[in-house]
Amino acid sequence: MYMENKMSLKEKSLVFIGFMGVGKTTIGELVAEKLNRDFIDIDREIEKEYGMPTTEIFKTFGEKEFRAKEKAVIQSYSKQKSKIISVGGGAFLQEEIRSICLENCIVFFLDLSFELWKERMSLIIDTRPVLQGRSIEEIEDLFLNRQKIYSSHHFKVATDNKNEEEVANYIIECLTNKSE
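These numbers come from a predicted model, not from an experiment.

Trainee: Would you mind going over the overall build of the chain with me for this structure?
Mentor: Of the regular secondary structure elements, the chain holds 8 helices and 5 strands. For the chain, the succession of helices and strands along the chain, N to C, is β-α-β-α-α-α-β-α-β-α-α-β-α. Relative to the globule expectation of 16 Å for 180 residues, the C-alpha radius of gyration of the chain, 16 Å, shows essentially globular dimensions. Seen along its three principal axes, the alpha-carbon backbone of the chain occupies a region of about 50 × 35 × 30 Å. Residues classed as buried in the chain amount to 48% of the 180 residues present. Here the contacts in the chain between residues at least 6 apart in sequence split such that 74% fall between residues at least 24 apart. A total accessible area of about 9,200 Å² is found for the chain, and carbon and sulfur atoms account for 46% of it.

Okay, structure coming up:
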């Protein structure tokens, strides 16, 4: 499959993908804590570098520059050992990022139904430039279109009606079973 790089399975970094607000950062931080690994949130790293939130980066520099920076940061971290990496909801739209992550890391797709995702929308809409100014129908179309992109992964984790602890434990169980 995609696991051709020289690192052993136990050394590979984990990458969490999925739509905005599905819990990539929350789950990633919990898994990192349980596995005693460093957690990297790609959006936070970019925000630190620019000294401004993602929404401001989009307004000031544009999406194209943001995506180029995102690719460079992901490329750097995906080649490091034993990291837990959360990538932004749009990162996997870039074929090169998908390939980099699938070749160098173990990719977990955190899948949440649109019905349950809508319950979280009000918590995230102000910080997600891609959602701003869109109708619920447009957001649902975006959600459904991105599901196709997220189909490139090593593990799919259905998160509906599961708490963070259950999802994190399931991910660790997947890793344990895979490395046996």
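Trainee: I'm lost on unusual backbone geometry in this one. Help?
Mentor: Negative phi values dominate among residues other than glycine, just as trans dominates among peptide bonds. Non-glycine residue N36 carries a positive phi angle of around 55 degrees. Assignment of secondary structure puts N36 in the loop between α1 (24–35) and β2 (38–41). With relative accessibility at 73%, the residue N36 sits in the exposed group. Despite not being glycine, N161 has its phi angle at roughly 60 degrees, a positive value. Here N161 lies in the loop between β5 (155–158) and α8 (164–179).

Trainee: What is the right way to look at helix α5 (residues 95–104) in this model?
Mentor: Working note: α-helix, 3.6 residues per turn, so residues spaced by three or four point in the same direction. Within α5, the full set of buried residues consists of I97, R98, I100, C101, L102 and N104. Residues of α5 that are buried sit in contact with β1 (13–17), α4 (63–78), β4 (105–111) and α7 (136–149).

Trainee: Just checking my understanding: could you explain the packing of helix α2 (residues 42–50) against α4 for this structure?
Mentor: Each pair of packed helices gets described by two things: the angle between the helix axes and the distance between those axes. For the pair α2 and α4, interaxial distance at closest approach is 10 Å and the crossing angle is 115 degrees. Here α2 runs over α4; the crossing is right-handed. Only E65, F66, K69, E70, V73, I74 and Y77 of α4 make contact with α2, whose side of the interface consists of I42, D43, E45, I46, E49 and Y50. Here the contact of α2 with α4 is built from residues that sort into 7 nonpolar, no polar and 6 charged.

Trainee: In this structure, what is going on with the layout of surface pockets? I would like to understand it.
Mentor: Picture a little ball the size of a water molecule; that probe, rolled over the atoms, points out where space is still empty. Roughly 520 Å³ of volume is contained in the largest pocket. For the lining of the largest pocket, a count of residues per class yields 9 nonpolar, 11 polar and 9 charged.

Trainee: What's the story with helix α6 (residues 114–124) in this structure? I'm lost.
Mentor: Taken together, the buried positions of α6 are F114, W117, M121 and I124. Axial view of α6: buried residues confined to an arc of 85 degrees, hence all on one face. Looking at α6, the residues exposed on the side facing more than 90 degrees away from the buried face are E119, S122 and L123. Of the surrounding secondary structure, the elements contacted by the buried residues of α6 are α7.

Trainee: Would you mind going over the pattern of salt bridges with me for this structure?
Mentor: Where charged atoms from two side chains of opposite charge come close, those side chains can pair. This model, assessed by the stated rule, comprises 12 salt bridges. Here the salt bridges share partners, and the residues they tie into one network are E63, R67 and E70.

Trainee: Please explain the sheet that holds strand β3 (residues 83–86) as it appears in this structure.
Mentor: Either a parallel or an antiparallel arrangement is found when strands of a sheet pair, and the pairing is made through backbone hydrogen bonds. If you trace the 5 strands from one edge of the open sheet to the other, you get β2-β3-β1-β4-β5, paired in parallel fashion. Two strands bound the open sheet, and with one partner strand each, they are β2 and β5. The mean inter-strand angle of the sheet, taken between neighbouring strand axes irrespective of direction, is 20 degrees. Looking at chain direction, β4 and β5 are connected through 4 bridges and run parallel. Within β5, the position partnered with D111 by the bridge is A158. Of the strands in this sheet, β2 and β3 are in contact with α2, which crosses β2 at around 70 degrees.

Rules of the game
Residues numbered from 1 in each chain as written. Predicted model: local features only at pLDDT ≥ 70, side-chain atom pairs only at ≥ 80, totals over all residues. Heavy atoms only, no water. Helix = DSSP H or I, 4+ residues; strand = E, 2+ residues; numbered from the N terminus. Rg over C-alpha atoms; globule rule 2.2 N^0.38 Å. Buried < 20%, exposed > 50% of the residue type's maximum accessible area, 1.4 Å probe, protein only. Contact = heavy atoms within 4.5 Å. Areas by Shrake-Rupley, 256 points an atom, 1.4 Å probe, with all protein chains shown as cover. Axes fitted to C-alpha atoms, helices over the stretch in contact; angles between N-to-C directions. Left-handed = near helix turned anticlockwise from the far one by under 90°. Nonpolar A, V, L, I, M, F, W, Y, C, P; charged D, E, K, R; others polar. 1 Å grid on protein atoms, 1.4 Å probe; cavity = no way out; pocket = protein on both sides within 12 Å on 5 of 7 lines; lining within 4 Å. Points joined across faces, edges and corners; volume = space filled by probe spheres on them. Arc of directions from axis to C-beta. Salt bridge = Lys/Arg side-chain N within 4 Å of Asp/Glu carboxyl O. Pairing = 2+ DSSP bridges.

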